[in-house]
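Chain by chain, the residues:
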Amino acid sequence: VQAGQLELLGTGTFSLTEGNDVDVLAADIDGALTYHDTDALQVGTVNSTRGVTSNGNAVTLQTGGLLTVGDGAGQDIVAGMGTVVLQAAGVTEEADSTVQSSEQRLVGTESISRRAPYHHKKLAADIVGALTYHDPHALQGGTANSTSGVTSNGTAATPHTGGRPTGGARTG
């Protein structure tokens, strides 16, 4: 798919993994979503659909460039009890955007800054670059998909939580 904007609506599994080049993605689906983009991608608003909602199913977004969640108008990624996997050359989030899931896996080649309040029970990350992560609740380091713990490969990993984090952060 090559387009300025892509809106996904409906029920079932959505798997778009080959040669996509979209600038803005929005989805309101009842099913798992796997989306790969060749360069930068923004989770935003398309028509009246804001952010990405999967109704409790897994969401995987992989980009060849920067992944931006929101544009300041409150676009969220909502997977409920599903796992969210964000794999990108850097992830940034705009004001009023959140990611809500039971588990989150971050994989990247640049710094990842997660400053909005998140609602996860478990976080796993393997990145090359600094990680800044904020969650108002207690957070458990663990395994999400095939990533265990939090590794930032020699740079700072700074989780800020409202409760006592369990598990460990490694910077090596």
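Being a predicted model, the structure only gives us computed values, none of them experimental.

## Description of the overall build of the protein chain
Alright, step 1. Secondary structure assignment for the protein chain yields zero helices and 24 strands.
Alright, step 2. Sorting the 172 residues of the protein chain into buried and exposed places 46% on the buried side.
Alright, step 3. For the protein chain, the proportion of contacts with a sequence separation of at least 24, taken over those separated by at least 6, is 37%.
Alright, step 4. Element-wise, carbon and sulfur atoms account for 47% of the exposed surface of the protein chain, whose accessible area totals about 7,300 Å².

## Re the environment of serine 102
Alright, step 1. Of note, serine 102 is situated in the loop between β14 (99-100) and β15 (103-108).
Alright, step 2. Judged by its relative accessible area of 11%, serine 102 falls in the buried class.
Alright, step 3. In this structure the side chain of serine 102 is engaged in a polar contact, spanning 2.7 Å, whose partner is the backbone oxygen of methionine 81.

## Some points on the pairing of strand β3 (residues 21-30)
Alright, step 1. As defined by bridge partners, strand β1 (residues 2-11) adjoins β3 across nine bridges and the pair is classed as parallel. Across the sheet, glutamine 5 pairs through a bridge with valine 24, a residue of β3.
Alright, step 2. Relative to strand β5 (residues 41-43), β3 runs parallel, the two sharing two bridges. In the strand pairing of β5, leucine 25 is matched with valine 43.
Alright, step 3. When β3 meets strand β8 (residues 52-53), the two strands line up parallel, connected through two bridges. Bridge pairing links alanine 27 to valine 52 in β8.

## Notes on the pairing of β15
Alright, step 1. Most of β15 is tucked away, with six of its six residues classed as buried.
Alright, step 2. With burial as the criterion, each face of β15 is covered, one bearing Glu103, Arg105 and Val107 and the other bearing Gln104, Leu106 and Gly108.
Alright, step 3. Pairing between strand β12 (residues 83-88) and β15: six bridges, direction parallel. Each residue of the ladder has a partner; that of threonine 83, found in β15, is glutamate 103.

## Structural notes on the side chain of asparagine 20
Alright, step 1. Among the structural elements, asparagine 20 can be located in the loop between β2 (14-16) and β3.
Alright, step 2. One polar contact links the side chain of asparagine 20 to the main-chain carbonyl oxygen of histidine 36, over a distance of 2.9 Å.
Alright, step 3. Residues within four places of asparagine 20 in sequence aside, it is in contact with Val1, Tyr35, His36, Asp37 and Thr38.

## Some details on the nonpolar core
Alright, step 1. In this structure, Leu8, Leu33, Tyr35, Leu61 and Ile77 are the most contacted members of the largest nonpolar core, which totals 25 residues.
Alright, step 2. Of the residues forming this core, the biggest block, four residues, is contributed by β3.

## Things to note about the confidence of the model for the protein chain
Alright, step 1. The predicted model of the protein chain averages 78 in pLDDT, with 63% of residues at 70 or higher.
Alright, step 2. Low pLDDT (under 50) marks residues 163-172, which in the prediction has 28 contacts with non-local residues, meaning those over four places away or in another chain.

## A word on unusual backbone geometry
Alright, step 1. One non-glycine residue, asparagine 55, adopts positive backbone phi at about 55 degrees.
Alright, step 2. Turning to its location among the elements, asparagine 55 is positioned in the loop between β8 and β9 (59-63).
Alright, step 3. Taking the relative accessible area as the measure of exposure, asparagine 55 reaches 47% and is therefore partly exposed.
Alright, step 4. If you check the backbone angles, aspartate 96 has positive phi at about 65 degrees while not being a glycine.
Alright, step 5. By secondary structure assignment, the location of aspartate 96 is in the loop between β13 (91-93) and β14.
Alright, step 6. The exposed category is assigned to aspartate 96, whose relative accessible area is 60%.

Basis of the calculations
Residues numbered from 1 in each chain as written. Predicted model: local features only at pLDDT ≥ 70, side-chain atom pairs only at ≥ 80, totals over all residues. Heavy atoms only, no water. Helix = DSSP H or I, 4+ residues; strand = E, 2+ residues; numbered from the N terminus. Buried < 20%, exposed > 50% of the residue type's maximum accessible area, 1.4 Å probe, protein only. Contact = heavy atoms within 4.5 Å. Areas by Shrake-Rupley, 256 points an atom, 1.4 Å probe, with all protein chains shown as cover. Polar contact = N/O pair within 3.5 Å; in protein donor to acceptor, adjacent residues only side chain to side chain. Pairing = 2+ DSSP bridges. Core = buried A, V, L, I, M, F, W, Y, C linked by side-chain atoms within 4.5 Å. pLDDT = per-residue confidence, 0-100.

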